[in-house]
Amino acid sequence: MKPSVVLYKSLPEDLRVRLDAHFNVTEINGLTPENIAAHAEAFRQAEGILGSGGKVDVEFLQQAPKLRAASTISVGYDTFDVAALNDKGIVLMHTPTVLTETVADTMMALVLSSARRVVELAERVKAGEWQKNIGPDWFGIDVHHKKLGILGMGRIGLALAQRAHLGFSMPILYNARKHHQEAEDRFDAQYCDLDTLLAESDFLCISLPLTAETHHLIGREQLAKMKPSAILINAGRGPVVDEQALVDALKDGTIFAAGLDVFEQEPLPVNSELLKLRNVVPLPHIGSATHETRYGMARDAVDNLIAALTGKVEKNCVNPQVLKQG
Ligand SMILES: NC(=O)C1=CN([C@@H]2O[C@H](COP(=O)(O)OP(=O)(O)OC[C@H]3O[C@@H](n4cnc5c(N)ncnc54)[C@H](OP(=O)(O)O)[C@@H]3O)[C@@H](O)[C@H]2O)C=CC1
Ligand SMILES: O=CC(=O)O
């Protein structure tokens, strides 16, 4: 008998065929409390789940007593209670690597568009405001040769450093929990403490995961340490930045601008103060959202679930210690 799994995000046709070849699949549209209640028997029988978004916590795990593996179509896994999964011996798989370059491209797009005011000025042109030669009130600020600070020098941070240093001749500063030799060797990146990163960066680029330690790591006090000409880019997770403190800093000139792919609440509420600010470039969490990369993530997530439920995990496992327990 094939193991039962719940798929909570639709897959490209060929990947769905591959999943069906290995498992009895129940597909639902999102891991919402309503869907979980409506498909209670499917969750009771599920040995695996695959999708993205939605909380997998202690309460959820009570509904899925046979669960052995969870496969998320994302690299971030902050919606999973990993300690609870470990307690129950459930393997958590994710999709690092395949999306790294695409997310770094998105971050570079945010750097360029916020510094050169690309979105704001395009909107002004479309609104018919370009009536004469432009003056300094429409000027932006240079990107090339400015200091790019990276908070979180992991896979994505490294790919961003490559773009900024080799493509735009930017000196790289960074902070992480440990030194990253590859970044230092290849891109001359300089390790520094957080206060130095805040004080010296022209662009503060956040590529951190959301954890108890990184929640609101950037708040009012940290924003006050940044240059008034600085631009904050966040493509890690929204709650890493205290959003109200950021709104205030953008309004009162504490910092110059922000480019944001992630928010404390997603989708960003339409009444968010961020949407009223000209010096904000807001994106709808599109870090990895290209056809090629999203396909690659879905493919890896399917392969990850197959590997996890057949005991052949070689990569992409968040909690490999669970494998040793079995
Ligand atoms: N906007 C989007 O669409 C996307 C967003 N993301 C987000 O980006 C995050 C990073 O992805 P990726 O680069 O692959 O992950 P990695 O695990 O490779 O990198 C994470 C980095 O964050 C650092 N870090 C973690 N905690 C702290 C801390 N408390 N203080 C300082 N540094 C810390 C790590 O430090 P150290 O190296 O010292 O351990 C590491 O350098 C994901 O977790 C996800 O939240 C990812 C993909 C798409
Ligand atoms: O935010 C996206 C991810 O893959 O994590």
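Everything below is about the structure printed above this text.
Computed from a predicted model, the values in this text were never measured in an experiment.

S.K.: Would you mind showing me how to read the pattern of salt bridges here?
M.R.: In total, this model carries 19 salt bridges according to the counting rule given. Residues joined by salt bridges that share partners form a network here, namely Arg117, Glu120, Arg124 and Glu129.

S.K.: Even after reading the chapter, I still don't get the packing of aromatic side chains, so can you show me in this structure?
M.R.: Two numbers describe a pair of aromatic rings. These are the distance of the centres and the angle of the planes. Taken as a whole, this structure holds two aromatic pairs when the rule is applied. Relative to Phe60, the ring of Phe43 has its centre 5.6 Å away and its plane inclined at 85°; by these criteria the two rings are edge-to-face. Taken together, the positions of Phe43 in helix α3 (residues 40-45) and Phe60 in helix α4 (residues 58-63) put the pair 17 residues apart, joining distant regions of the chain. Taken as a pair, Phe43 and Phe60 share a single burial class, namely buried. Consider the rings of Tyr174 and Tyr191, whose centres lie 5.3 Å apart with planes at 80°: the pair is edge-to-face. Of the two residues, Tyr174 is situated in strand β7 (residues 172-175) and Tyr191 in strand β8 (residues 190-191); the sequence distance between them amounts to 17 residues. The class of Tyr174 is buried, set by a relative accessible area of 0%. Taking relative accessible area as the criterion, Tyr191 reaches 29% and is therefore assigned partly exposed.

S.K.: Please explain the sheet that holds strand β12 (residues 280-282) as it appears in this structure.
M.R.: Think of a sheet as strands paired side by side through backbone hydrogen bonds, with each pair either parallel or antiparallel. With parallel pairing, seven strands are arranged side by side in an open sheet as β8-β7-β6-β9-β10-β11-β12. Edge positions in the open sheet fall to β8 and β12, since each of these has one partner strand only. As paired elements, strand β10 (residues 231-234) and strand β11 (residues 257-260) share four bridges and run parallel to each other. Bridged to Asn234 within β11 is Leu260. Relative to the sheet, helix α8 (residues 155-168) contacts β6 (148-151), β7 and β9 (203-206), its axis offset from that of β6 by approximately 175°. Packed onto the sheet, helix α12 (residues 243-251) meets β10, β11 and β12 and runs at close to 140° relative to β11.

Conventions we followed
Residues numbered from 1 in each chain as written. Chains lettered and ligands numbered in written order. Predicted model: local features only at pLDDT ≥ 70, side-chain atom pairs only at ≥ 80, totals over all residues. Heavy atoms only, no water. Salt bridge = Lys/Arg side-chain N within 4 Å of Asp/Glu carboxyl O. Phe/Tyr/Trp six-rings, centres within 6.5 Å; stacked < 30°, edge-to-face > 60°. Helix = DSSP H or I, 4+ residues; strand = E, 2+ residues; numbered from the N terminus. Buried < 20%, exposed > 50% of the residue type's maximum accessible area, 1.4 Å probe, protein only. Pairing = 2+ DSSP bridges. Contact = heavy atoms within 4.5 Å. Axes fitted to C-alpha atoms, helices over the stretch in contact; angles between N-to-C directions.

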